[in-house]
Structures are given as C-alpha cells and as structure tokens.
Amino acid sequence: MIERLLAGHRWAVGPTAMSIAASGAAAATTLVVARGIGAAAFGRFTVVLSIALIVTAAMQMSLNYVMYQELPRSAPEDRPALVTTALFATLALGTGLAAAALLAAPLLTALLGVDLRALCLALGLALAMTLSQLSESFLRGLKRFVFVARVKLAVAVAYLAAAAFCLLVLGIRSADAYLVALIVTNLVFAAVAVAAVEVAPRRWSAALARSLYRHGAYVTAIAALTAVVFGLDVIFLNHWADPAEVGVYSVYNGFPKRLLGVVFTEGIGLVLLPAMATADKTVLLRRIRRLIPVVAVATAVFSLAASAVFFLLLRAEYPYSPGLMALSAAGISVHTVFNLYFFALSMDGVRGAKVFLGCLAAGAPVTLVCQAACIAWWGVTGGLVAFIVTNLVLVAVVAAVAARVYRSAPVPEAAR
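1. Side note on the overall build of the protein chain
Secondary structure summary: the protein chain contains 15 helices and 0 strands in total. A total of 416 residues make up the protein chain; the buried ones form 50% of that total. Of all intrachain contacts in the protein chain linking residues separated by at least 6 positions in sequence, the fraction that spans at least 24 positions is 86%. Of the accessible surface of the protein chain, which amounts to about 18,100 Å², a share of 71% is contributed by carbon and sulfur atoms.

2. Topic: the packing of aromatic side chains
All chains considered together, the criterion is met by 8 aromatic pairs. For the pair F338 and F356, a centre-to-centre distance of 5.4 Å together with 50 degrees between the ring planes defines the contact as tilted. Note that F338 is positioned in helix 14 (residues 322-346) and F356 in helix 15 (residues 349-405), a separation of 18 residues in sequence. The same class applies to F338 as to F356, namely buried. Of the aromatic side chains, those joined through ring pairs into one cluster are F230, F338, F342, F343, F356 and F387. Note that R144 overlies the ring of F147, its terminal NZ or CZ placed 4.8 Å from the centroid.

3. Details of the nonpolar core
Counting 78 residues, the largest nonpolar core has F45, M67 and F138 as its most contacted members. Element by element, the count of residues in this core is highest for helix 2 (residues 13-60), at 15 residues. The contact partners of F45, leaving out residues within four places of it in the chain, are Y159, A175, Y178, L179 and L182.

4. Re unusual backbone geometry
Phi is positive for M61, which is not a glycine, with a value near 50 degrees. As for its placement among the helices and strands, M61 is situated in the loop between helix 2 and helix 3 (63-73). A residue is classified by how much of its surface remains accessible, and M61, at 25% relative accessible area, is partly exposed. Here K143, not a glycine, exhibits a phi torsion of approximately 65 degrees, which is positive. In this fold, K143 is placed in the loop between helix 6 (116-141) and helix 7 (145-168).

5. Remarks on the confidence of the model for the protein chain
Averaged over every residue, the pLDDT of the protein chain is 84; residues scoring 70 or more account for 89%. Counting interchain partners and residues more than four positions distant, the pLDDT-below-50 stretch residues 409-416 has 8 contacts.

6. Digging into the pattern of salt bridges
Evaluated as defined, the whole model comprises 5 salt bridges. The salt bridge partner of E136 is K152, with a shortest N-O separation of 3.5 Å. Linking E136 in helix 6 with K152 in helix 7, this pair joins segments that are 16 residues apart in sequence. A single burial state applies to E136 and to K152, both of which are buried. Shared partners join several salt bridges into a network, and the residues in it are R44, D115, R117 and D176.

7. Let's talk about a nonpolar patch on the surface
Residues F165, L168, V169 and L170 make up a contiguous nonpolar surface patch of roughly 450 Å² in combined accessible area. Along the chain, the position of V169 falls in the loop between helix 7 and helix 8 (175-195).

8. Concerning the side chain of T130
You can see T130 is positioned in helix 6. When its relative accessible area of 0% is taken as the criterion, T130 is described as buried. Of the polar contacts made by the side chain of T130, one reaches the backbone oxygen of A126; its length is 2.7 Å. Beyond its immediate stretch of four places on either side in the chain, T130 contacts T56, M59, Q60 and T90.

9. Digging into the environment of G358
Inspection of the secondary structure assignment puts G358 in helix 15. The partly exposed category is assigned to G358, whose relative accessible area is 39%. Through-space distance from the C-alpha of G358 to that of V401 is 9.2 Å; in sequence the pair is 43 residues apart.

10. Points about the packing of helix 4 (residues 79-103) against helix 9 (residues 206-215)
Orientation of helix 4 relative to helix 9, taken along the N-to-C sense of each, is 80 degrees, at an axis distance of 9 Å. The angle between the axes of helix 4 and helix 9 places the two elements in the roughly perpendicular class. Across from A81, L82, T85, A86, A89, T90 and L93 in helix 4, the residues of helix 9 making contact are L208, A209, L212 and Y213. Here the contact of helix 4 with helix 9 is built from residues that sort into 9 nonpolar, 2 polar and no charged.

11. Some words on the side chain of T46
Inspection of the secondary structure puts T46 in helix 2. Relative accessible area serves as the criterion here: at 5%, T46 is assigned to the buried category. Setting aside its immediate chain neighbours within four residues, T46 contacts V234, V246 and S250.

Criteria and cut-off values
Residues numbered from 1 in each chain as written. Predicted model: local features only at pLDDT ≥ 70, side-chain atom pairs only at ≥ 80, totals over all residues. Heavy atoms only, no water. Helix = DSSP H or I, 4+ residues; strand = E, 2+ residues; numbered from the N terminus. Buried < 20%, exposed > 50% of the residue type's maximum accessible area, 1.4 Å probe, protein only. Contact = heavy atoms within 4.5 Å. Areas by Shrake-Rupley, 256 points an atom, 1.4 Å probe, with all protein chains shown as cover. Phe/Tyr/Trp six-rings, centres within 6.5 Å; stacked < 30°, edge-to-face > 60°. Lys NZ or Arg CZ within 6 Å of the ring centre and 35° of its normal. Core = buried A, V, L, I, M, F, W, Y, C linked by side-chain atoms within 4.5 Å. pLDDT = per-residue confidence, 0-100. Salt bridge = Lys/Arg side-chain N within 4 Å of Asp/Glu carboxyl O. Patch = residues over 30% accessible without salt bridge, like charges linked within 9 Å, V, L, I, M, F, W, Y side chains within 5 Å. Polar contact = N/O pair within 3.5 Å; in protein donor to acceptor, adjacent residues only side chain to side chain. Axes fitted to C-alpha atoms, helices over the stretch in contact; angles between N-to-C directions. Parallel < 35°, antiparallel > 145°, perpendicular 65-115°, else oblique. Nonpolar A, V, L, I, M, F, W, Y, C, P; charged D, E, K, R; others polar.

Next up, the structure:
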C-alpha cells in the first residue's frame, strides 16, 4: 500500500525535503536560542509563543485550510477574488482583534500573568504567523510547491543565521529580540508569498468573505479548542512556577511536538492527506486502530532518540532526566495517535469535523482540570503527566465516538 501511495506522489519528494529542511532549520534556531539565552529567558519566549498560537487560531479562522480546498478546484479567473478576499478579510480581522486585545490589556495581562510588552509581542507574532500561514496556503493551493519550499528554506536559514549572529557576535540574551526576529521572518515570508500571487483589490467581495468563513467555521472551532487544550499548560506553568521551569518544560514537551508537527505538516500535508480524502473512512479508521500500537511505539522511540541530540547541544540549565524524557516520549506517542484521528476525520468534510469537534468539547473540561491540578502539584513533571492524560482522554473519546458514527462495514477483500 505504501509503495503504491509513494509511486503516485514522486513529485512531492523534492518540495517535501526542502520543507522539512526549512522546518529543521527553524527548530535548530529555537534550540540555539534556548541554549544561548538561558532557561528563564527562554521561558518568556515560550509563554509569548504559546499565547500567539492561541490568538492565531482566532485571527486565522481557518481560511488557510479553506484555500487548500478552494483554490485547486476553482476556475483560474476566480482565483484572484479568492486570494484577495481571504487576504483583506484576514488583515481586517487580525488587526481588529489585536486592537481589541490592547484595549483589554489590563485584564489580559493579569489573567495571563504577563507584562504589557509580552502581550504586544504575542499579538504581533500572532498576526505575523497568521499572514505567513495564509500566504503559504495561497501558494500550496495554486500548487506552487517548489517555490513555497524554497522561500521557506531561505527565510528559515536567514533566521538561523541572524539568531546565531545576535548570540555569538552581539551577545544579545533578551528573549524579546528573538521574538521580534521571528515576527520579521514571518512577515518577510508573507510579503514574498503574496507578491507571487495575483491580488486584485477590486475583486474583494463581502459575500465571498462570508462564504469562506462559513466554510471554515468548524475547522476554526477545532483549531481554537485544540490551541486551548494544548496551549494552556504553558500558561498554567507560568502561573505556578518560575520562568526557568517553563523553559525546561518547553524543551521536554515543545521541541518533540514541533518535530512531530514537521512530520505531519510536510509529510502528511503533501502526500497522505489526498489519499485520506478519497479513502473509505470506515476502512481508514479501522486501519488506524490496527496501527495504533506500532505508531505509538515508533514515535516514542524516535522522540527518545531525538531528545538525546537536543540535550547534548544544550547547557546545564536544561538537565537531562531519563524519567522526564520517558514521560515526554509517552505523551508524544499518544499525541501522534490523536493527530492521526484528526487528519482522518478532517478529510471527511463537515461530518468528520462535527464528530471531532464534539469529542474535543466533551473531553476539554476534564483535560484542563487535570492539567491545572497536575501542574499546580508537580510543576514540570505534572505538565508532562497531564499531557499524557490529555491525549489519552481525547483519543479514547474520539475512538469511541468515531467507531459508533462510522459503523463497521464489510471489509473488501483488497483492504484485508
């Protein structure tokens, strides 16, 4: 099966390799920054990034996912209207949300446990990442895979070089400087990507904007709820622990999650998603259930191996603990299974999105209470334990509900 799938997608090898290299360069930059500025400063970096990721879900409203679907199947003459409407609508919504957050800054800074500067950096980073992800969806939706991969790689290498220069030559140890650099790199990518597509301001359409937002409503709800479920652990830790512990937690939990994101975004995003979209969902979910042990064990082993490299490159401020790394690997393995279910159900349109959203909504209260309690009691260890429990609860709910909704059908002989 795998051989047949790869044979039909040889075109993806080059863009996938470049995109993975770009993501690897970005991960290396984060590792360099973590080592160079120390655990306490990196804790601030992590908190700002976590807030930005949550806000990005609200600013984006999943228009990037809509573009992945709409641009390839639209007529060439309709594509400028799609691009223009999505871009202008996102700019308006993003700046509006940022302005509203600044007006509510006294409340938000107290609620999140950050200062005003950190909040401003988080909002700026959220808007920059929103524009970067949207503009990337334009290029991918137009099937300009090689171009987008080259731009991503160039920008990622530039960010790595700039971070290394600031650390090694200028000796900058402030997290804020590297957050600003991250904002700039995302904006540069967005500018280059938008310049490569046709934007026609007169083609903007309010009716089309409403249609696009309706299309992405369920995915937006899923993205927002997922961002909360997997983003509040850092906020909880920042509230009950010191910044250095947040930095350590980011290395144990954040780096493996980003590495996993590279595999899913650049591998599944280019090759497996089209196959999932056309597969029989009952058969697909049955195959996923059979693959769960293999996927979980393979991911855990890979995470443990990768962690050894991370900690060899880091300083003593990030002590290597086999026990903590084992907890991290266990959490990442279950998180991989969670992501498999997400991609499988998201490729079933509105029905799959409704199922997944309902499962998230049902499991979120339990998981968030667990996170708050574990982190308040045990700090970094509690955060890693809570990550395992969160994923186990959500996978159990999704698997049970999906098995009921997608009732077993006779398995074709070819699928056995």
